[in-house]
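Single-letter residue listing:
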Amino acid sequence: MLVSWNSTNQCNMFCDHCYREAGAKLDEELTTDEAKKLIREIKAAGFKIMIFSGGESIMRPDIFELGSYATASGLRVVLGTNGTLITEETAHKLKESGFMAAGVSLDSLDPEKNDRFRKLDKAHDLAIQGMLNLKKAGVPFQIHTTVMDWNVEELEAITDFAIEIGAMAHHIFFLVPTGRAVNIEEEALRKVEYERTITRVMKKQTEVDIEIKPTCAPQFMRIARQKKIPVRFSRGCLAGISYCIISPKGNVQPCAYLDIAVGNVREKPFDEIWRESQMFKELRTLEYEGKCGHCDYLDSCGGCRARAYYYSQGNYMAQDDWCLYKPQGACK
């Protein structure tokens, strides 16, 4: 079980695809004391891994204090970052604070393309330097890439770069239109290319030793089983089942891209929200509509609930229309 906390909305970038529409710090972000209370409640709920993300989490002044607190609480603490602010000193502080790993965003090997997407000059070079600083400090890192129509042909090359620089994994995020990403929905892969790209990614997995994981593309579990490609994961979509996310102001939602608040940790303890949310309970039934509900891979895939929600105009239990698979007995 893992939980992600958007520790701040503040960010030094203004990325085209940001689901949180990060940039400026928000009023009423959780205080240090409120964050520590949240950490205790996350532990009480049975979670093992806590991701500190943003915005840009490094911009939160108490990030090292909170990382140490979460570590002392028995959580495995990891960082989601754009990498551009990770100096040698920052990397060493992360190590000392107990951060076990970091995910660093890199969307293209072409600096111009990467920086245009991220809306920050030198973002490409600074992110790579951040990776090198993490490596020097002994903090394992992985590369996160958001796949779009303009960088889809680079994915294997970025994986090769990840190996070259010493990353432990390459996680590839498939766009779900949420936040600012609704403005670039047309740049997302279409259905046939979506399936083809997941297949390419899984083929690459058979050729390299580091982990490659398609994210927000739960159909990778079906493709891995069809092609007998071993993966360490047991399920594609985890939203509300063994994963959720918390906003800077304390709103709890099933995943980053399914923007429905089921409660706020200022009003109710997180562990109670996790146990008692009606939406979470419904997601855990796996009683999906359409072909997802009849699919041979229902238990291991589940379809992307956020994508189903967006393209059905509001039904998170709808079938995921971006999946091309046609199970026997499914609705047409």
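Here, every reference points to the structure presented above.
Now for a look at the structure at hand. (Residues numbered from 1 in each chain as written. Predicted model: local features only at pLDDT ≥ 70, side-chain atom pairs only at ≥ 80, totals over all residues. Heavy atoms only, no water.)

### Considering the sheet that holds strand β9 (residues 251–253)
Stage number 1. Across the sheet, which stays open at both edges, the 10 strands sit in the order β7-β6-β5-β4-β3-β2-β1-β8-β9-β10 with mixed pairing between neighbours. The open sheet has two free edges, formed respectively by β7 (211–215) and β10 (263–264), since each of these has just one partner strand.
Stage number 2. Where strand β1 (residues 2–6) lies against strand β2 (residues 49–53), five bridges are found, and the strand directions are parallel. Paired with Val3 across the bridge in β2 is Met50.
Stage number 3. Against the sheet, helix α6 (residues 155–165) touches β5 (141–147), β6 (169–174) and β7, its axis set at about 165° to β5. (Pairing = 2+ DSSP bridges. Helix = DSSP H or I, 4+ residues; strand = E, 2+ residues; numbered from the N terminus. Contact = heavy atoms within 4.5 Å. Axes fitted to C-alpha atoms, helices over the stretch in contact; angles between N-to-C directions.)

### What to know about the pairing of β1
Stage number 1. In terms of burial, β1 is a largely internal element, four of the five residues being buried.
Stage number 2. This β-α-β element, β1 to helix α1 (residues 32–44) to β2, shows right-handed connectivity.
Stage number 3. The pairing of β1 with strand β8 (residues 243–246) spans four bridges and is classified as parallel. Looking at β8, one finds that Ser4 is bridged to Ile245. (Buried < 20%, exposed > 50% of the residue type's maximum accessible area, 1.4 Å probe, protein only. Right-handed = clockwise from strand over helix to strand, strands pointing away.)

### Quick notes on the packing of α6 against helix α7 (residues 191–205)
Packed helix pairs are characterised by how far apart their axes lie and by the angle those axes make with each other.
Stage number 1. Relative to each other, α6 and α7 sit at 30°, their axes nearing to 10 Å. Considering the angle they form, α6 stands roughly parallel to α7. Between α6 and α7 the crossing geometry is right-handed. Side by side, α6 and α7 meet where Leu155, Glu156, Thr159 and Asp160 of the first sit next to Thr197, Arg200, Val201 and Lys204 of the second.
Stage number 2. When the residues that make up the contact of α6 with α7 are grouped by side-chain class, the tally is two nonpolar, two polar and four charged. (Parallel < 35°, antiparallel > 145°, perpendicular 65-115°, else oblique. Left-handed = near helix turned anticlockwise from the far one by under 90°. Nonpolar A, V, L, I, M, F, W, Y, C, P; charged D, E, K, R; others polar.)

### Points about the nonpolar core
Across soluble globular proteins, nonpolar side chains show a tendency to be buried alongside one another.
Stage number 1. Judged by nonpolar contacts, the single largest core of 90 residues is most densely connected at Phe52 and Phe270.
Stage number 2. Grouped together as the second largest cluster of nonpolar side chains are six residues, Cys11, Met13, Cys18 and Ala123 included. (Core = buried A, V, L, I, M, F, W, Y, C linked by side-chain atoms within 4.5 Å.)

### A look at the environment of Glu164
Stage number 1. Mapped onto the secondary structure, Glu164 falls in helix α6.
Stage number 2. Taking C-alpha positions, Glu164 is 33 Å from Cys323, a pair spaced 159 residues apart along the chain.

### As for the state of the cysteines
Stage number 1. By the definition in use, this model includes zero disulfides.
Stage number 2. Not engaged in a disulfide, the cysteine Cys304 finds its nearest cysteine sulfur in Cys216; these two sulfurs lie 5.4 Å apart.
Stage number 3. Residue Cys323 stays outside any disulfide, its sulfur separated by 6.0 Å from that of Cys301, the closest cysteine. (Disulfide = S-S within 2.5 Å.)

### Considering unusual backbone geometry
Stage number 1. Residue Gly55 is reached from Gly54 by a cis peptide bond, and omega for that bond is 15°.
Stage number 2. With respect to the helices and strands, the residue Gly55 is situated in the loop between β2 and α2 (63–72).
Stage number 3. Here Lys228, not a glycine, exhibits a phi torsion of approximately 55°, which is positive.
Stage number 4. Within the secondary structure layout, Lys228 lies in the loop between α8 (220–226) and β8.
Stage number 5. Here Lys228 falls in the exposed class, since its relative accessible area comes to 72%.
Stage number 6. Phi at Gln313 is positive, roughly 60°, even though this residue is not glycine.
Stage number 7. Mapped onto the elements of the fold, Gln313 is located in the segment after α12 (305–311).

### Some points on α2
Stage number 1. Within α2, burial applies to Ile63, Phe64, Leu66, Gly67 and Ala70. The buried residues of α2 occupy one face: seen down the axis, they fall within an arc of 160°.
Stage number 2. Buried-residue contacts for α2 involve β1, α1, β2, β3 (76–81), α3 (88–96) and β4 (99–105). (Arc of directions from axis to C-beta.)

### Remarks on the environment of Ser234
Stage number 1. Mapped onto the fold, Ser234 is located in the loop between α8 and β8.
Stage number 2. Taking the C-alpha atoms as reference points, Ser234 and Asn114, separated by 120 residues in sequence, lie 32 Å from one another.
Stage number 3. Non-local contacts of Ser234, meaning those with residues more than four positions away in its chain, are made with Met221, Arg225, Asp299 and Ser300.

### Quick look at α7
Stage number 1. Between its terminal C-alpha atoms α7 stretches 21 Å, which fits the 21 Å expected from 15 residues at 1.5 Å a residue.
Stage number 2. When α7 is considered as a whole, its buried residues turn out to be Tyr194, Glu195, Thr197, Ile198, Arg200, Val201, Met202, Lys204 and Gln205.
Stage number 3. Looking at the buried positions of α7, the neighbouring elements they touch are α6, β6, β7, α8 and α12. (Expected span 1.5 Å × (residues − 1).)

### So, the side chain of Thr81
Stage number 1. Here Thr81 is to be found in strand β3.
Stage number 2. Since its relative accessible area comes to 5%, Thr81 is described here as buried.
Stage number 3. A polar contact is formed between the side chain of Thr81 and the side chain of Glu56, at a distance of 2.9 Å.
Stage number 4. A distance of 2.9 Å separates a polar atom in the side chain of Thr81 from the backbone nitrogen of Gly83.
Stage number 5. If we skip the residues at most four places from it in the chain, Thr81 touches Glu56, Ile58, Ile86, Gly103, Val104 and Ser105. (Polar contact = N/O pair within 3.5 Å; in protein donor to acceptor, adjacent residues only side chain to side chain.)

### Description of the pattern of salt bridges
Stage number 1. Considering all chains together, one arrives at 16 salt bridges under this definition.
Stage number 2. Ionic pairing is found between Lys136 and Glu88, a salt bridge with its closest N-O pair at 3.2 Å. Taken as a pair, Lys136 in helix α5 (residues 123–137) and Glu88 in helix α3 lie far apart in primary sequence, 48 residues in all.
Stage number 3. Among the residues examined, Glu88 registers a relative accessible area of 40% and is labelled partly exposed.
Stage number 4. The residue Asp271 makes a salt bridge to Arg275 at a minimum N-O spacing of 3.7 Å. Of this pair, Asp271 and Arg275 are both found in helix α9 (residues 270–276), four residues apart, which corresponds to roughly one turn of the helix.
Stage number 5. In this structure Arg275 comes out as partly exposed when scored by relative accessible area, which is 47%. (Salt bridge = Lys/Arg side-chain N within 4 Å of Asp/Glu carboxyl O.)

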